[in-house]
Amino acid sequence: MISFDGKTSLTFSNMGLFDIRSAWIHPTVTIDTYELIYVVDGEVHIREGNSSYDLGEGDMILLCPGAEHGGTRYSLGHTSFFWLHFYCDDIAFFAVPKVSAPDRTEAERTFKQILHLQEKDRTLAELTVCMFLFTMFRRREQRDRFAYEIAEYIRVNGRKKLSVKDLSAFFGYNGDYLSRIYKREFGKDLKTGINEQRVNYIKSVLINSDLRVFEIAAECGFEDVNAFFKFFKYHTGTTPTDYRNSFFRTHMNDR
């Protein structure tokens, strides 16, 4: 048992690596420990109480003691995940999110290390678990700030024809990682966020300037007016011209 200021303690129980190459569903159980499930390959479909979660590669979930959990549907193909059980009298001390996506390289290395240590040195295994939980929380804070940096870059460059590839080149991370960071904070994928900001910028120019539609299209990086019309109507359900006219009609009626 590792104790912190005599108020919070953590006791490592056991862990393992589950690996199967056929259809599988998690059994329905209720346990007395906390459990971390970290997905290495495939998908895990699980519920805790009335809440359901669909986990993919790199996702991790914290399951709580005394709460029934079990599979919601079968996982197909190859499924592999680390599971780790531990006792803790105040999980809030570690501020572990329910579902998270820790750095994959670090997470897999740490779980392999704990798997080895549980047979060699359980105290060191417990220390490693604590270190992982603390580090994950600090990294989560950093990722949260990073998500807002991404959002601000998209906002500032709202008129441009941005792509996930452009953001990847600017920030120096692959697109999948950036999308996961952004989606966890804002609930939408990166491409959707880019398109929404671009649409918002176009709306602002339409109602706050006298620029003609083809001039706005050129300013926003569209090759021709038709592409501009299609993009705007797809995302708003109306044309740029109708949007501008309806706004001015509303404004006049309110006067």
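Residues numbered from 1 in each chain as written. Predicted model: local features only at pLDDT ≥ 70, side-chain atom pairs only at ≥ 80, totals over all residues. Heavy atoms only, no water.

Trainee: Describe the overall build of the protein, with residues and values.
Mentor: Along the protein, the regular secondary structure elements total 8 helices and 9 strands. Its C-alpha radius of gyration of 24 Å places the protein more than 25% over the 18 Å reference for a compact globule of 255 residues. Here the protein holds 255 residues, and the buried ones make up 42% of them. Taking all contacts inside the protein whose residues are at least 6 apart in sequence as the whole, residues at least 24 apart take part in 72%. If you sum the accessible surface of the protein, you get close to 14100 Å²; carbon and sulfur atoms cover 50% of it. Within the protein, one finds 33 positive and 35 negative side-chain charges whose respective centroids are separated by 6 Å. (Helix = DSSP H or I, 4+ residues; strand = E, 2+ residues; numbered from the N terminus. Rg over C-alpha atoms; globule rule 2.2 N^0.38 Å. Buried < 20%, exposed > 50% of the residue type's maximum accessible area, 1.4 Å probe, protein only. Contact = heavy atoms within 4.5 Å. Areas by Shrake-Rupley, 256 points an atom, 1.4 Å probe, with all protein chains shown as cover. Lys, Arg positive; Asp, Glu negative; His and termini not counted. Charge placed at Lys NZ, Arg CZ, Asp CG, Glu CD.)

Trainee: I'd like a rundown of the packing of helix 5 (residues 190-208) against helix 7 (residues 225-236), residues and numbers included.
Mentor: For the pair helix 5 and helix 7, the least separation of the axes is 11 Å and the interaxial angle reads 110 degrees. The angle between helix 5 and helix 7 falls in the class roughly perpendicular. Of the residues in helix 7, those in contact with Asn-195, Arg-198, Val-199, Ile-202, Lys-203 and Leu-206 of helix 5 are Phe-228, Phe-231, Phe-232, His-235 and Thr-236. When its residues are assigned to classes, the contact of helix 5 with helix 7 shows 6 nonpolar, 3 polar and 2 charged. (Axes fitted to C-alpha atoms, helices over the stretch in contact; angles between N-to-C directions. Parallel < 35°, antiparallel > 145°, perpendicular 65-115°, else oblique. Nonpolar A, V, L, I, M, F, W, Y, C, P; charged D, E, K, R; others polar.)

Trainee: Please set out the environment of Phe-229 residue by residue, giving values where relevant.
Mentor: As for its placement among the helices and strands, Phe-229 is situated in helix 7. Once you skip the residues sitting within four places of it in the chain, Phe-229 turns out to touch Val-213, Thr-239, Pro-240 and Thr-241.

Trainee: Can you break down the sheet that holds strand 5 (residues 51-55) residue by residue, with the values?
Mentor: Taken in spatial order, the 3 strands line up as 5-4-7 in an open sheet, and their pairing is antiparallel. Two strands lie at the open edges of the sheet, namely strand 5 and strand 7 (69-71), each paired on one side alone. The sheet shows a mean angle of 25 degrees between the axes of neighbouring strands, taken without regard to direction. As paired elements, strand 4 (residues 44-48) and strand 7 share 3 bridges and run antiparallel to each other. (Pairing = 2+ DSSP bridges.)

Trainee: Can you tell me about the sheet that holds strand 1 (residues 2-4), naming the residues and giving the values?
Mentor: Here 6 strands make up an open sheet; going across it, the order is 1-2-8-3-6-9 and the pairing antiparallel. Edge positions in the open sheet fall to strand 1 and strand 9 (99-100), since each of these has one partner strand only. Here strand 6 (residues 60-63) pairs with strand 9 via 2 bridges, running antiparallel. Following the sheet pairing, Met-60 is matched in strand 9 by Ser-100. Most of the contacts of helix 1 (residues 104-120) go to strand 2 (residues 8-20), to which it runs at about 100 degrees, and overall it touches strand 2, strand 3 (34-41), strand 6 and strand 8 (79-88).

Trainee: Describe the packing of aromatic side chains, listing the residues and the values that go with them.
Mentor: With the rule as written, the count across this model stands at 15 aromatic pairs. Taken together, a centroid distance of 5.3 Å and an interplanar angle of 35 degrees make the contact between Tyr-173 and Tyr-177 tilted. For Tyr-173, a relative accessible area of 41% corresponds to the partly exposed category. By relative accessible area, which is 28% here, Tyr-177 ends up partly exposed. Taken together, the aromatic side chains of Tyr-38, Phe-82, Phe-111 and Phe-132 make up a single cluster linked through ring pairs. Cation over ring: Arg-198 sits above Phe-222, and NZ or CZ is 4.0 Å from the ring centre. Here Arg-198 stacks its cationic end above the ring of Phe-231, 5.3 Å away from the centre of that ring. (Phe/Tyr/Trp six-rings, centres within 6.5 Å; stacked < 30°, edge-to-face > 60°. Lys NZ or Arg CZ within 6 Å of the ring centre and 35° of its normal.)

Trainee: Tell me what's going on with the pairing of strand 6, and back it up with residues and numbers.
Mentor: The alternating pattern of strand 6 places Met-60 and Leu-62 on one face and Ile-61 and Leu-63 on the opposite face, and all of these are buried. In this sheet, strand 6 lies alongside strand 3 in antiparallel orientation, the contact comprising 4 bridges. What sits directly across from Ile-37, in strand 6, is Ile-61.

Trainee: I'd like a rundown of the nonpolar core, residues and numbers included.
Mentor: Residues Leu-84, Phe-86, Phe-94, Phe-111 and Leu-133 are the most contacted members of the largest nonpolar core, which totals 28 residues. When contributions to this core are tallied by element, the ones reaching two or more residues are strand 1, strand 2, strand 3, strand 6, strand 8, helix 1 and helix 2 (122-156). Residue contributions to this core peak at 6 residues, all from helix 2. (Core = buried A, V, L, I, M, F, W, Y, C linked by side-chain atoms within 4.5 Å.)

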